[in-house]
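# An overview of the molecular structure
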Amino acid sequence: MKHRIFTLLIVLLAFSVQSQTTRKVIVEHFTNTRCSICSIKNPSLFALLNNHPEVIHLSIHPSSPYSNCLFSQHNPSENDARTQYYGIYGSTPRVVVAGTVIPNQSPMLTEEQLVAQQDAMSDYSIQVNQFYGSNETIDVKVKIERLSGVPSNDDMIYVVLAEKEVAYYAPNGEDLHHNVFRKELESMNLPILEIGEDIEYTYNYTAHSEWVLDEIFALAMIQNSSNKKVLQAEESELVSGITGIEFTQAKEIVNLVYPNPFTREINILSGQSYQNIIIYNLFGQKVLESSSASTIDASELRKGVYLLELIDENGQSFATKIHKQ
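Residues numbered from 1 in each chain as written. Predicted model: local features only at pLDDT ≥ 70, side-chain atom pairs only at ≥ 80, totals over all residues. Heavy atoms only, no water.

A separate point is the state of the cysteines. One pass over the full model with this rule turns up 1 disulfide. Cys38 supplies the cysteine sulfur nearest to Cys69, a cysteine that is in no disulfide, at a spacing of 8.9 Å. Residue classification places Cys69 among the buried positions, given a relative accessible area of 0%. (Disulfide = S-S within 2.5 Å. Buried < 20%, exposed > 50% of the residue type's maximum accessible area, 1.4 Å probe, protein only.)

What follows is the structure, given as structure tokens:
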């Protein structure tokens, strides 16, 4: 009888392990655009992360010790809240890996410290997707499923928006900023989920005038509120990776449109006649139309990603993405 119980426990344990999934590692990076030490230490961190593309990175800009940091001023309360959550407010640059605060050191994060957080398994899976909503909003859908383990009242969900790359010549000399925290969408306790149960949350947002919309992505993590360990994390694709309008894609028209990226004018190579040329934003809204078959003045368009549609003499539509710098 004891042998049968022991065998059953082994089977149940094996099933639980098999139903887990790999935990994604997230590095929360606390920095400041007026911090000279940050500009010295940040490059080694970015070099390390470039060697580990599987790791999620989020840069957060607290108001201390430099309250006039551009990114901190954009959203001071939420930037500060995250660094206060870990008890490291006023100390930059610092990193937190999967909820573990790394001591103040140089370099900020070593290969050994990062690798030590990898290959862990998680009881949760997360899916994060962005979709076009109505009235020029973006919908973020987060689906969480418990795969195994014992339910806990201490598990919480944290969902934010970040901008992949921001070009800004900062006072500390840094000119390109990565995965910049922009806005918090959610921070709350998760309900108890039994194994196999899932829950879905939907949020929507409108891009701030300071953001480059097509560079925005959503990031969600599940974190234990008592020990701050991150149990799972996931990020969505960029807004530029989704479209609100569908066309027949012709590979050959990619080479007909130049320069791409562009700054003012778009040129269409001659040799084929198009009766109409239309430019749409990523919400599928028409922003520019021209009957010219050679040059289009697009100087009034804001920086970002657009869809350019070419309509031939037979009324057939082809499209390609174009990027204004």
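That shown, we press on.
Alignment of strand β14 (residues 257–258) against strand β15 (residues 265–268), held across 2 bridges, turns out to be antiparallel. Along β15, the bridge assignment pairs Tyr258 with Asn267. Linking β14 to β15, which pair antiparallel, is a turn of 6 residues. Where β15 lies against strand β18 (residues 295–297), 3 bridges are found, and the strand directions are antiparallel. Across the sheet, residue Glu265 finds its bridge partner in β18, namely Asp297. (Pairing = 2+ DSSP bridges. Helix = DSSP H or I, 4+ residues; strand = E, 2+ residues; numbered from the N terminus.)

Another aspect to go through is the layout of surface pockets. Quantified by volume, the largest pocket comes out at close to 830 Å³. Together, 31 residues line the largest pocket, and Val212, Leu213, Asp214, Lys303 and Gly304 are the ones closest to its centre. If you tally residues by element for the lining of the largest pocket, the top one is strand β9 (residues 155–167), at 4 residues. Partitioned by chemical class, the residues of the lining of the largest pocket number 14 nonpolar, 8 polar and 9 charged. In this model, the second largest pocket occupies a volume close to 210 Å³. Along the walls of the second largest pocket sit Phe46, Leu49, Asn50, His52, Pro53, Val55, His57, Lys164, Glu165, His178 and Asn179, which together make up its complete lining. Put simply, the parts of the chain that give the lining of the second largest pocket at least two residues each are α2 (36–50), β9 and β10 (176–189). It is α2 that provides the largest number of residues to the lining of the second largest pocket, a total of 3 residues. (1 Å grid on protein atoms, 1.4 Å probe; cavity = no way out; pocket = protein on both sides within 12 Å on 5 of 7 lines; lining within 4 Å. Points joined across faces, edges and corners; volume = space filled by probe spheres on them. Nonpolar A, V, L, I, M, F, W, Y, C, P; charged D, E, K, R; others polar.)

A few words now on the nonpolar core. With 28 residues, the main nonpolar core has Val140, Val142, Ile144, Tyr205 and Val239 as its most contacted residues. Breaking this core down by element, the ones donating at least two residues are β7 (124–132), β8 (138–146), β9, β11 (198–205) and β12 (216–224). Residues within four places of Tyr205 in sequence aside, it is in contact with Gln130, Glu136, Thr137, Ile138, Val140, Leu161, Trp211, Leu213, Ile216 and Val239. Counting residues in hydrophobic clusters, the runner-up holds 18 residues, among them Ile56, Tyr86, Tyr158 and Met221. (Core = buried A, V, L, I, M, F, W, Y, C linked by side-chain atoms within 4.5 Å. Contact = heavy atoms within 4.5 Å.)

So, to be careful, I would describe these as geometric facts and stop short of saying anything about function.
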